[in-house]
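Coordinate analysis (summary)
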Amino acid sequence: MSRELVIISGKGGTGKTTLTSSFAYLMKNKIIVDADADAADMYILMEPEIKRKEFFKGNKPAKIDSDKCTKCDICRQLCRFDAIYIDDNENYVVNEMKCDSCDLCRLACPAQAIEMVDTISGEWYESETPYGIMVHAKLYPGAENSGNLVTMVKHRAHILSEEKGIEYILVDGSPGIGCPVISTISGANFVVVVTEPTQSGLHDLDRVRQLCDSFKVKTGVVVNKYDLNEDVANQIENFTQEKGGIFLGRIPFDVNVPKAIVNKEIPYVSCDSIKKPIEEIFNKSMENL
Ligand code: SF4
Ligand code: SF4
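Residues numbered from 1 in each chain as written. Chains lettered and ligands numbered in written order. Predicted model: local features only at pLDDT ≥ 70, side-chain atom pairs only at ≥ 80, totals over all residues.

**So, the overall build of the protein**
- When helices and strands are tallied, the protein shows eleven helices and 13 strands.
- Expressed along its principal axes, the backbone C-alpha trace of the protein runs to roughly 70 × 40 × 35 Å.
- Across the 289 residues that make up the protein, the buried fraction comes to 42%. (Helix = DSSP H or I, 4+ residues; strand = E, 2+ residues; numbered from the N terminus. Buried ≥ 20, exposed ≤ 12 C-beta atoms within 10 Å, placed from the backbone.)

Following this line, the structure appears as structure tokens:
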């Protein structure tokens with residue numbers, strides 16, 4: 001069974017791509033999983049050549065058959081997401097963007113006028129990159145990155161790793177603590193949390209740490225751009241150790257990092273100031289994986 005290393009952050013824009021792309025460069029014998037389908041940075045940096053494409057079925061929203069509907073209003077009253085409304089023709093209609101696919105209206109409808117319908121919400125791919133195989137996904141406009149999508153791409157990576165005898169899976173997770181992140185953390189062997197030296201970064205880190213603790217996953221912390229506020233960077237290091245986490249290291253601010261990403265270069269390769277710290281963070285992470 002391959003070992004799974006996940007990189008996440010409390011919120012977007014903390015430098016997760018910098019670290020994940022660097023790990024993708026440094027780690028041998030791995031499959032890369034891009035579980036952050038809302039952000040295109042990893043896709044741009046890894047330059048995947050797509051070898052397989054499949055459709056991803058998202059949530060099943062409810063659909064009302066107006067020929068069967070008796071307009072009893074039960075479904076509209078029950079739906080706690082306010083997803084059911086009456087249109088200009090006085091028909092009962094489901095707003096798919098609001099529907100949570102809870103199935104309650106279908107079960108309650110006395111006329112059996114409601115069904116849950118499959119929708120294609122995106123595509124997932126297996127690709128070759130200069131750094132190994134990558135499993136990734138693209139969501140159609142309006143579709144949300146769901147836990148199901150993350151579970152699916154991770155599952156696919158595990159199947160491939162078994163088939164090909166690959167030792168590691170490197171996952172670029174979504175920011176935050178929502179449903180996709182929960183799916184990202186689930187089953188991981190080690191989670192690296194990237195944060196920035198601000199009070200909100202510390203707050204976000206605490207939320208992510210609690211989430212990881214609830215999954216009993218070992219967690220390491222990296223402070224990106226630590227030199228923008230060394231006092232808070234010190235607070236984060238102390239906080240991590242107090243809470244039993246592993247402090248993996250600090251990456252300095254380098255104005256060339258965003259330029260490298262814009263130029264489709266892995267920051268680790270083109271920015272000298274971050275090379276050594278990232279190598280140390282990588283080695284420490286692999287020791288804990
Ligand atoms: S519960 Fe069924 S019959 Fe009643 S309004 Fe809704 S769809 Fe129509
Ligand atoms: S499936 Fe649930 S969320 Fe969707 S319309 Fe029916 S009651 Fe509302």
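From this point, things continue past the structure.
**Quick notes on the domain arrangement of the protein**
- Parsing the protein into structural domains produces domain 1 (3-58 + 123-288) and domain 2 (62-116).
- Using C-alpha coordinates to define each centre, domain 1 is positioned 40 Å away from domain 2. (Domains from an automatic or database assignment.)

**Regarding the environment of C105**
- Mapped onto the elements, C105 comes out in helix α4 (residues 104-108).
- Residue C105 is classed as buried on the basis of its 24 C-beta neighbours within 10 Å.
- Residues C105 and T198 lie 93 residues apart in sequence; the distance between their C-alpha atoms is 45 Å.

**A look at the environment of Q210**
- Inspection of the secondary structure puts Q210 in helix α7 (residues 199-214).
- With 33 residues separating them in the primary sequence, Q210 and K243 have C-alpha atoms 9.7 Å apart.

**Focus on the nonpolar core**
- Within the largest apolar cluster, 61 residues are counted, with the highest numbers of intra-cluster contacts made by V33, V153, L170, V191, V192 and V222.
- With five residues, strand β11 (residues 190-195) is the largest single contributor of residues to this core.
- What V33 contacts, discounting residues up to four positions off in sequence, is V135, V153, K154, A157, I169, L170, V171 and D172.
- Counting 13 residues, the second-largest nonpolar core is a separate cluster that includes A62, C75, A83 and C105. (Core = buried A, V, L, I, M, F, W, Y, C linked by C-beta atoms within 7 Å. Contact = placed C-beta atoms within 7 Å.)

**Section: the site of ligand 2**
- In the region of ligand 2, 14 residues are neighbours, and C79, A83, C99, C102 and C105 sit closest.
- Classifying every residue of the shell around ligand 2 gives eleven nonpolar, one polar and two charged. (Near = placed C-beta within 6 Å. Nonpolar A, V, L, I, M, F, W, Y, C, P; charged D, E, K, R; others polar.)

**Let's talk about the sheet that holds strand β12 (residues 219-224)**
- Taken in spatial order, the nine strands line up as β3-β8-β9-β2-β10-β1-β11-β12-β13 in an open sheet, and their pairing is mixed. The outermost strands of the open sheet, each flanked by one partner alone, are β3 (49-57) and β13 (246-251). The average undirected angle you get between the axes of adjacent strands in this sheet is 20 degrees.
- As judged from the five bridges shared by strand β1 (residues 3-9) and strand β10 (residues 168-172), these two strands associate in the parallel manner. (Pairing = 2+ DSSP bridges. Axes fitted to C-alpha atoms, helices over the stretch in contact; angles between N-to-C directions.)

**Structural notes on the packing of α7 against helix α8 (residues 230-242)**
- Interhelical geometry of α7 versus α8 gives an angle of 15 degrees and a closest axis separation of 10 Å. Relative to α8, the element α7 lies roughly parallel. α8 is crossed by α7, and the crossing has right-handed handedness. In this structure, α7 uses Q199, L202 and L205 to contact α8, whose residues at the interface are V232, Q235, I236 and F239.
- By residue class, the composition of the contact of α7 with α8 is five nonpolar, two polar and no charged. (Parallel < 35°, antiparallel > 145°, perpendicular 65-115°, else oblique. Left-handed = near helix turned anticlockwise from the far one by under 90°.)

**Looking at the environment of S186**
- Along the chain, S186 falls in the loop between α6 (179-185) and β11.
- Here the alpha-carbon distance between S186 and P197, two residues eleven residues apart in the chain, equals 27 Å.

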